[in-house]
Amino acid sequence: MAQQRRSDQEWLAIFQEFENSSLSQRDFCRMHGISTSTFFAKRRLLECHSNNKQGGFVRAEVVEQTTHYQVAKPIASNMTLSVNDIELSIPQGTPAAYVAELIGSLSS
């Protein structure tokens, strides 16, 4: 089958038809006898060409957006250990084996 040469206007109409269809790009191209790589390349080329016609400037709006994060510190509560006349404050999470060894040392 001989390749058909299409104008940019014809391609734009094809792309519009594709957008309005519910077909995948592959199915649409197969239905119209268009190579998917040609379809993609031509679409990309026309999009770039269209963007260049705008003079290279785009309207931009500066929006200030700030996100604040607050790290909640866990409440550090201590254990109080009283042995004889000695009172010790031990951080919660101290290994039990260490506390047992400490109590044993203070009891002697």
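Just above sits the structure.
These numbers come from a predicted model, not from an experiment. (Residues numbered from 1 in each chain as written. Predicted model: local features only at pLDDT ≥ 70, side-chain atom pairs only at ≥ 80, totals over all residues. Heavy atoms only, no water.)

Once that is clear, we can look at the overall build of the protein chain. When you go through the protein chain residue by residue, the secondary structure sums to 4 helices and 2 strands. The helix and strand sequence of the protein chain, counted from the amino end, reads α-α-α-β-β-α. Of all 108 residues assigned to the protein chain, the portion counted as buried reaches 16%. A sequence separation of at least 24 residues applies to 28% of the contacts in the protein chain between residues at least 6 apart. (Helix = DSSP H or I, 4+ residues; strand = E, 2+ residues; numbered from the N terminus. Buried < 20%, exposed > 50% of the residue type's maximum accessible area, 1.4 Å probe, protein only. Contact = heavy atoms within 4.5 Å.)

Right, let's talk about the packing of aromatic side chains for a bit. A complete count under the given rule lists 5 aromatic pairs for this structure. Centroid distance phenylalanine 18 to phenylalanine 39: 5.3 Å. Interplanar angle 75°. Geometry classified as edge-to-face. Of the two residues, phenylalanine 18 sits in helix 1 (residues 8–20) while phenylalanine 39 sits in helix 3 (residues 36–52), which places them 21 residues apart along the sequence. As far as burial versus exposure is concerned, phenylalanine 18 and phenylalanine 39 are alike and both buried. Among the aromatic residues, those joined into a cluster by ring pairs are Trp11, Phe15, Phe18, Phe28 and Phe39. Just above the ring of tryptophan 11 sits the side chain of arginine 6; from NZ or CZ to the centre is 5.2 Å. (Phe/Tyr/Trp six-rings, centres within 6.5 Å; stacked < 30°, edge-to-face > 60°. Lys NZ or Arg CZ within 6 Å of the ring centre and 35° of its normal.)

A word on the side chain of lysine 42. As for its position among the elements, lysine 42 is in helix 3. For lysine 42, a relative accessible area of 19% translates into the label buried. For lysine 42, the contacting residues outside a window of four places in its chain are Asp8, Trp11 and Phe15.

For the rest of this paragraph, the subject is the nonpolar core. Membership of the largest hydrophobic core is limited to 9 residues, which are Trp11, Ile14, Phe15, Phe18, Phe28, Cys29, Ile34, Phe39 and Leu46. Contributions of two or more residues to this core are made by helix 1, helix 2 (25–32) and helix 3. The greatest single-element share of this core, amounting to 4 residues, is contributed by helix 1. When neighbours within four sequence positions are excluded, phenylalanine 15 is seen to be in contact with Phe39, Lys42, Arg43 and Leu46. (Core = buried A, V, L, I, M, F, W, Y, C linked by side-chain atoms within 4.5 Å.)

Taking 1.5 Å as the rise per residue, helix 1 with 13 residues should run 18 Å; its terminal C-alpha atoms sit 18 Å apart, in good agreement. Listed in full, the buried residues belonging to helix 1 are Trp11, Ile14, Phe15 and Phe18. Projected down its long axis, helix 1 carries its buried residues within an arc of 100°, all on one side. Turned more than 90 degrees away from the buried face of helix 1, the exposed residues are Gln9 and Asn20. (Expected span 1.5 Å × (residues − 1). Arc of directions from axis to C-beta.)

Quick look at the pattern of salt bridges now. On inspection of all chains with the given rule, the structure shows 3 salt bridges. Across the pair arginine 43 and glutamate 19 runs a salt bridge whose closest N-O atoms are separated by 2.0 Å. Of this pair, arginine 43 sits in helix 3 while glutamate 19 sits in helix 1, placing them 24 residues apart in sequence. Accessibility expressed as a relative area gives 47% for glutamate 19, which makes it partly exposed. (Salt bridge = Lys/Arg side-chain N within 4 Å of Asp/Glu carboxyl O.)

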